[in-house]
Every structure is written in C-alpha cells, then in structure tokens.
Amino acid sequence: QVQLVESGGGLVQAGGSLRLSCAFSGRTFSSYALGWFRQAPGKEREFVSGISWTDGYTHYADSVKGRFTISRDNAQNTVYLQMNSLKPEDTAVYYCAAERRPGTRVVVTTEYDYWGQGTQVTVSS
C-alpha cells in the first residue's frame, strides 16, 4: 500500500521561506508523476508543482514560478517543495500526490491515485 506523509508546514511571515517534505513508501516509483497541490478555505484544490520521478522533469504553476522549487531524493523516496518569498495568498493546506502514468512526466490535474494527509502553511502579512 502506498503511503505519502507530508511535513514542514507552519506559520511564517511574508517574505519568509519554508521547505515541505513528502516521504513515500509502499512501492518503487518508477513511471510515477509526483505533485504538490494546495487548497485554501473555500477554494478548489489547485496544482502547485510537479516532478517526474524517472527523469526529474519539473513544472510549476505560474503563481509560484521563480519562488518555489520542487526536487526529489530517489534514495530517500522523498519529494521536497522549497518555498521562498512567501506571500499571504500562499496560505493553504498543501498536499503531495503520486500517480503512476507511464509516458507522462507531470500531471497538473487532481487525477492522482495517492494523496498525503496535508500540511498547513500560513503566511502572515
């Protein structure tokens, strides 16, 4: 059974930084697309960033491009989201997700098979 466990959320002032981690277990993740999503109160869950487990290809939402960096550690089965220059509008619950999709490097919709429990990120102004 696949398990995803996020950590690293918290409260930070605008302009600050946080690093989220997502530890995966349960299987090997070749041909998997990994993603970070977020959901603010009253809003739909939205794509933030994605990475291909196989070749490390990355993709970002326009709203976080240049501020967030996604990376992976294959040996540790962990994906990271480094978030810099945080803004109050980045406040949300952040979720990591995994989807086996051979031939597809990043999935930007919420069509993922596996999700973590979420971690709260709050950015104060």
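The shown structure was predicted, so the numbers you read here are calculated from the model rather than taken from an experiment.

The rules behind each value
Residues numbered from 1 in each chain as written. Predicted model: local features only at pLDDT ≥ 70, side-chain atom pairs only at ≥ 80, totals over all residues. Heavy atoms only, no water. Helix = DSSP H or I, 4+ residues; strand = E, 2+ residues; numbered from the N terminus. Rg over C-alpha atoms; globule rule 2.2 N^0.38 Å. Buried < 20%, exposed > 50% of the residue type's maximum accessible area, 1.4 Å probe, protein only. Contact = heavy atoms within 4.5 Å. Areas by Shrake-Rupley, 256 points an atom, 1.4 Å probe, with all protein chains shown as cover. Core = buried A, V, L, I, M, F, W, Y, C linked by side-chain atoms within 4.5 Å. Disulfide = S-S within 2.5 Å.

Trainee: An account of the overall build of the chain is needed here, citing residue identities and associated values.
Mentor: Along the backbone of the chain there are zero helices and 11 strands. Start at the N end of the chain and walk to the C end: the helices and strands fall as β-β-β-β-β-β-β-β-β-β-β. Expected size for 125 residues packed as a compact globule is a radius of gyration near 14 Å; at 14 Å, the chain falls within 12% of this value. By residue count, 42% of the 125 residues in the chain fall in the buried class. A sequence separation of at least 24 residues applies to 59% of the contacts in the chain between residues at least 6 apart. Per element, the accessible surface of the chain, about 6,300 Å² overall, is 44% carbon and sulfur.

Trainee: Account for the nonpolar core, naming residues and giving values.
Mentor: Judged by nonpolar contacts, the single largest core of 36 residues is most densely connected at Trp 36, Leu 81, Met 83 and Tyr 94. For this core, the secondary structure elements donating two or more residues are strand 3 (18-25), strand 4 (32-39), strand 5 (46-52), strand 7 (68-73), strand 8 (78-83), strand 9 (92-100) and strand 11 (119-124).

Trainee: Which residues make up unusual backbone geometry, and what values go with them?
Mentor: Positive phi outside glycine occurs at Asn 77, with the angle close to 50°. Here Asn 77 lies in the loop between strand 7 and strand 8. Phi is positive for Ser 85, which is not a glycine, with a value near 50°. Note that Ser 85 resides in the loop between strand 8 and strand 9.

Trainee: Help me get a handle on the state of the cysteines, residues and values and all.
Mentor: Under the criterion given, the structure shown has one disulfide. Paired by a disulfide, Cys 22 and Cys 96 hold their sulfur atoms 2.0 Å apart. The sign of the S-S torsion, about 55°, decides the handedness of the disulfide formed by Cys 22 and Cys 96: right-handed. On the criterion of sequence distance, the pair formed by Cys 22 in strand 3 and Cys 96 in strand 9 is long-range, its members being 74 residues apart. When sorted by exposure, Cys 22 lands in the same class as Cys 96, which is buried.

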